[in-house]
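If you want the building blocks of each chain, they are given just below.
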Amino acid sequence: MGRALEFNDTTVSNDTIFGTTTSLGVPDINGQPATIMHFTPSVASWGGYKMYHQAAPNGGGAYVNQYTLIYDIYLPFATWRSLLQTGVGNTSDGDLFIQPNGSVGISGVYNGNVTAGSWHRVAVAIDLTGPGSPVLTKFIDGVKVGNQTTGLSAQDGRFALDVYALLFGDQDGDAAETFVNSIQFSNGRRPDAFIAALGGPSSAKIPGAIKAAIEGGNIVIRWTGGVPLQSASSITGPWTTLGVSSPYTPPAGSTQKFYRPKIP
């Protein structure tokens, strides 16, 4: 996992609050309360949140040309909303939007319907280098709604990522009140089958993120999505599903093990 999101500036910090679906007065997710973030932009040029993805340049370029972004979000009303701003100075238009009719895209190519008043999982997978590139694949709640191949940039162009990008940033008013349950960045374009298997939003966050750290002298593994944890002695498997929940402390010993969340 990359670094935690950072406020782009003091305005964004002041415009952001944290709470639960209950305390912030929005519906629970699949009947389950969740800890969420709520922002209401107070200025037209709103910088959003710095996403230091910590991915190395890929696709043969100097920037990150292949990546996946997944959002669990709630839109209280329909309007233009920027999901991604690759220009870190926020001096140009955003690079991925939800239109007032709920469709997702850029450059006049929009697909799907992210309805206001409901939680949704929006996923986009970008590959600017190929084969068959450039392409922007779009999913809503695990259903593929678009495979955009026009209106994009070539390798290292507009849609490639520098060391960080801005989430929800836009320079001319296309940022609006939004509730966020979870956001996940993946290095590389996730396969369609992987994104489809994630399905819709979950109060347990988006499956797939995992982190191991030393806590109190012990290795502690944490992962998202409320899914099972799997282990293997080799990165190629075979993988065994463990009956444990996050956080998990593996047994003491020197045997090498690999761990991953089990995606449905």
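Let us look at the structure shown here. (Residues numbered from 1 in each chain as written. Predicted model: local features only at pLDDT ≥ 70, side-chain atom pairs only at ≥ 80, totals over all residues. Heavy atoms only, no water.)

**Looking at the overall build of the protein**
When helices and strands are counted, the protein shows 2 helices and 19 strands. The C-alpha atoms of the protein give a radius of gyration of 19 Å, which matches the 18 Å a tight globule of 264 residues would have. Summarising its shape, the C-alpha atoms of the protein cover approximately 55 × 45 × 35 Å along the three principal directions. Out of the 264 residues in the protein, the part that is buried amounts to 45%. (Helix = DSSP H or I, 4+ residues; strand = E, 2+ residues; numbered from the N terminus. Rg over C-alpha atoms; globule rule 2.2 N^0.38 Å. Buried < 20%, exposed > 50% of the residue type's maximum accessible area, 1.4 Å probe, protein only.)

**Quick notes on the sheet that holds strand S18 (residues 240-242)**
The strand order across the open sheet formed by 3 strands is S18-S17-S19, and the pairing between neighbours is antiparallel. Among the strands making up the open sheet, the edge pair consists of S18 and strand S19 (258-261). Along the sheet, successive strands turn relative to each other by an average axial angle of 35°, direction set aside. Note that strand S17 (residues 229-232) and S19 share 4 bridges and pair antiparallel. For leucine 229, the partnering residue across the bridge sits in S19 and is proline 261. (Pairing = 2+ DSSP bridges. Axes fitted to C-alpha atoms, helices over the stretch in contact; angles between N-to-C directions.)

**Observations concerning the side chain of serine 231**
In this structure, serine 231 sits in strand S17. Excluding anything up to four places from it in sequence, serine 231 contacts Pro238, Trp239, Thr240, Leu242, Phe258 and Tyr259. (Contact = heavy atoms within 4.5 Å.)

**Some words on the packing of aromatic side chains**
All told, the structure shown has 14 aromatic pairs when counted by the stated rule. Centre to centre, the rings of tyrosine 67 and phenylalanine 185 are 6.2 Å apart; their planes meet at 20°, and the pair counts as stacked. Taken as a pair, tyrosine 67 in strand S5 (residues 66-74) and phenylalanine 185 in strand S14 (residues 178-187) lie far apart in primary sequence, 118 residues in all. Cluster of aromatic residues (ring-pair linked, three or more members): Phe7, Phe39, Trp46, Tyr49, Tyr71 and Phe168. Here the guanidinium or amino end of arginine 190 rests over the ring plane of phenylalanine 194, the centre of that ring lying 3.9 Å away. (Phe/Tyr/Trp six-rings, centres within 6.5 Å; stacked < 30°, edge-to-face > 60°. Lys NZ or Arg CZ within 6 Å of the ring centre and 35° of its normal.)

**A word on the environment of glutamine 66**
Mapped onto the secondary structure, glutamine 66 falls in strand S5. The class of glutamine 66 is buried, set by a relative accessible area of 18%. Separated by 78 residues in the primary sequence, glutamine 66 and lysine 144 place their C-alpha atoms 18 Å from one another. In this structure the side chain of glutamine 66 is engaged in a polar contact, spanning 3.4 Å, whose partner is the backbone nitrogen of glycine 59. (Polar contact = N/O pair within 3.5 Å; in protein donor to acceptor, adjacent residues only side chain to side chain.)

**What about the nonpolar core?**
Formed by 36 residues in total, the largest nonpolar core has its most connected members in Ile73 and Phe168. With 4 residues, the top contributor of residues to this core is S5. The contact partners of isoleucine 73, leaving out residues within four places of it in the chain, are Leu83, Ile98, Ser118, Trp119, His120, Val122, Phe168, Thr178, Phe179 and Val180. Counting residues in hydrophobic clusters, the runner-up holds 8 residues, among them Ala123, Ala125, Phe139 and Leu198. (Core = buried A, V, L, I, M, F, W, Y, C linked by side-chain atoms within 4.5 Å.)

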